[in-house]
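Structural description and commentary
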Amino acid sequence: MLKRLVWGVLGAVVAAGGVNALLIFLNDSSMTANQVLSQQTFDYIIVGGGTTGLTVAWRLAETQSKRILVLEAGRSGVNDSLVTVPQHSFSFIGTDIDWFYFTQPQQFASGQRINLSSGKVLGGDSAVNGLVWTRPSKTEYDAFEALGAKGWNWNSMYAAMKKSEKINIPDAVHVQEFGYSVVPSSLGNSGPVDVSFPPFIPLQHQKFINASQELGHELNLDPYSGGNTGAYWSLSSQTSSAVRETSEFAYFDPVLATSNLIVLAEALVTKININTGVNASATGVEIRFPDGSIHTARLKSRGEVILSAGSIHTPQLLELSGIGNKDILNQFGIDVKVHLPGVGENYEDHPLTILTYKLKPGFLSFDALGYNATLKAEQEELYKKGQGWLTFANSGLNFSPIDKILNETEMQEARSILSQKPPNISQEQFDIVKDQIFNDVTQAEYLLFNSFSAGTNKEPNTSYVSMAITHLHPLSRGNIHIATTSIDDHPNINPNVLMADWDRWFLAKASAYARRFFQTQSFQEIFEPEEVFPGFQIQTQAQWEQYVKDNINLGYHSVGTASMLPRDKNGVVDAQLKVYGTCNIRVADVSIMPLLISAHTQVRIASFV
């Protein structure tokens, strides 16, 4: 951490004769930033210093002759316990490092406005998420190529994922205590991103693996080589000393000594400057400093703008810059540079529900840190040694295909529901997802939140655990489009969650199945029998479907709004990530993903470059 501590106070350093590896915080050093922008042009301007943006910058910085500028709207996460401490996962919500997005009222989900918090910080969502490090099945990545993205398949993505990783093999003590299993050849061993098993696992999470096996779910000893079904301990994006690993720490630290990379933090990009011609050409971007002043970052001849702003911000910036559906742009008086109807479309996220149960007396969850000051102080001291509760965010997972959840009668009903394509999804995508559903590809994820996470009846001085049930391949599709011409106004975010009958029906079935975990001997040993939320008054399929509509959440895994598809199939970028109709604008973030897959998004991003 020494480099990070030094870097955290480094600010801006201007060397005689030029600029060396700058990280400039605009609240402190706007004059330096203005000097840099006025005196230099860049080969690459990367919009967004999140999970992908800093990864791309690191790769490009290997070519010393190229000058790279990264523009990030948020601040640094260095020395901020909200970022660095694994147990603080998701504690960022509503803070200054949260974009704090909400959906539009959802027509098919009881009119809910659903939270979609996202990291507004260097490192992006890798700095605030649940640290879960997973892979999908081979079939799911191969589907990208089947949809038209030549070269994007399991083999190419697997190699890239391994290139990003450095596996820290668990020590014998933790293998013995928790039953950790890892096949080293299935993971990378020399990449910049540390991945490790947490040195502490709460008892209830250990019991979760046992409960899964009681229900007949296999223990998967190698979930990283293309087969992810079953129960297993997942790796976490954290170092061997139990500090969260983010793209800020993993990808920027190694290039501090380079002379060709500049990162401006607290720099809000308001639009891409574009000249029109046979193909639209970016000349640079406009940036707003914290004091409200507008500045321009300029490209060199043959330079490129790379959008890594995420599935919500990327389509917003494209539309504000004149790239998108002409009918939408005309509504706001925006000059149309490229008519590209796919911008903002094909949007999906993982819908999920939550069940909450109370632990029996004597068993504790993270809730106890809020009512037991002695315990909290003890754990804070242990964390200084890389030990104890604060080293843990999540690890125990259960990925289930439908034949583990549905009986034969329900399987027949599933086939009936899926005999017709729902609206807003292409025939090609529907056929692929349907084939995966009936061919053992994971469709539901079960994991535990080690605290009270849903419901209203929370008793004082009591510990709870909640189970999240995630539908991994929804058929509903929505869109994200600008609401005004101001970058400050969040776009209209409409995932059309539960629009497809299948999504509502299956998530209800998967949520009902979740109760079976709490009926196992393993869970009955530590949990009270009563269900705190939603409660045992929910019994019938109709009641479960209403519960899903009333209580749906999203997994913060938004994808698809700049899809890598053929242009005539609502695509936005080609297989080289270049925006159709432009010669030098690319997108490199999860907005390019044409389909959701059964994994948490940070690993998918890491594999793009």
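Structure report, in brief. (Residues numbered from 1 in each chain as written. Predicted model: local features only at pLDDT ≥ 70, side-chain atom pairs only at ≥ 80, totals over all residues. Heavy atoms only, no water.)

**Let's talk about the pairing of strand β22 (residues 464-471)**
Counting buried residues along β22, 8 of its 8 residues qualify, which places the element largely inside the surrounding structure. As defined by bridge partners, strand β19 (residues 351-359) adjoins β22 across 7 bridges and the pair is classed as antiparallel. Note on β22: the bridge partner recorded for K358 is Y464. Bridge analysis of strand β21 (residues 444-449) against β22 gives 6 bridges, and the strand direction is antiparallel. Looking at the pairing, A444 lines up with H471 of β22. (Buried < 20%, exposed > 50% of the residue type's maximum accessible area, 1.4 Å probe, protein only. Helix = DSSP H or I, 4+ residues; strand = E, 2+ residues; numbered from the N terminus. Pairing = 2+ DSSP bridges.)

**Concerning the side chain of E266**
Checked against the element boundaries, E266 lands in the loop between β13 (261-265) and β14 (268-275). At 3.0 Å, the side chain of E266 and the backbone nitrogen of L26 are in polar contact. Beyond its immediate chain neighbours, meaning those up to four positions away, E266 contacts F25, L26, N27, E72, A73, G74, R75, R288 and P290. (Polar contact = N/O pair within 3.5 Å; in protein donor to acceptor, adjacent residues only side chain to side chain. Contact = heavy atoms within 4.5 Å.)

**Let's talk about the pattern of salt bridges**
Going through the model one piece at a time under the given rule, you end up with 18 salt bridges. Of the charged contacts in the structure, one is a salt bridge between K458 and D367, with a shortest N-O distance of 3.8 Å. Of this pair, K458 sits in the loop between β21 and β22 while D367 sits in the loop between β19 and α12 (373-383), and the two are 91 residues apart along the sequence. Here K458 falls in the partly exposed class, since its relative accessible area comes to 45%. You can call D367 buried: its relative accessible area is 10%. In this structure, E381 engages K384 in a salt bridge whose closest nitrogen and oxygen atoms are separated by 2.9 Å. (Salt bridge = Lys/Arg side-chain N within 4 Å of Asp/Glu carboxyl O.)

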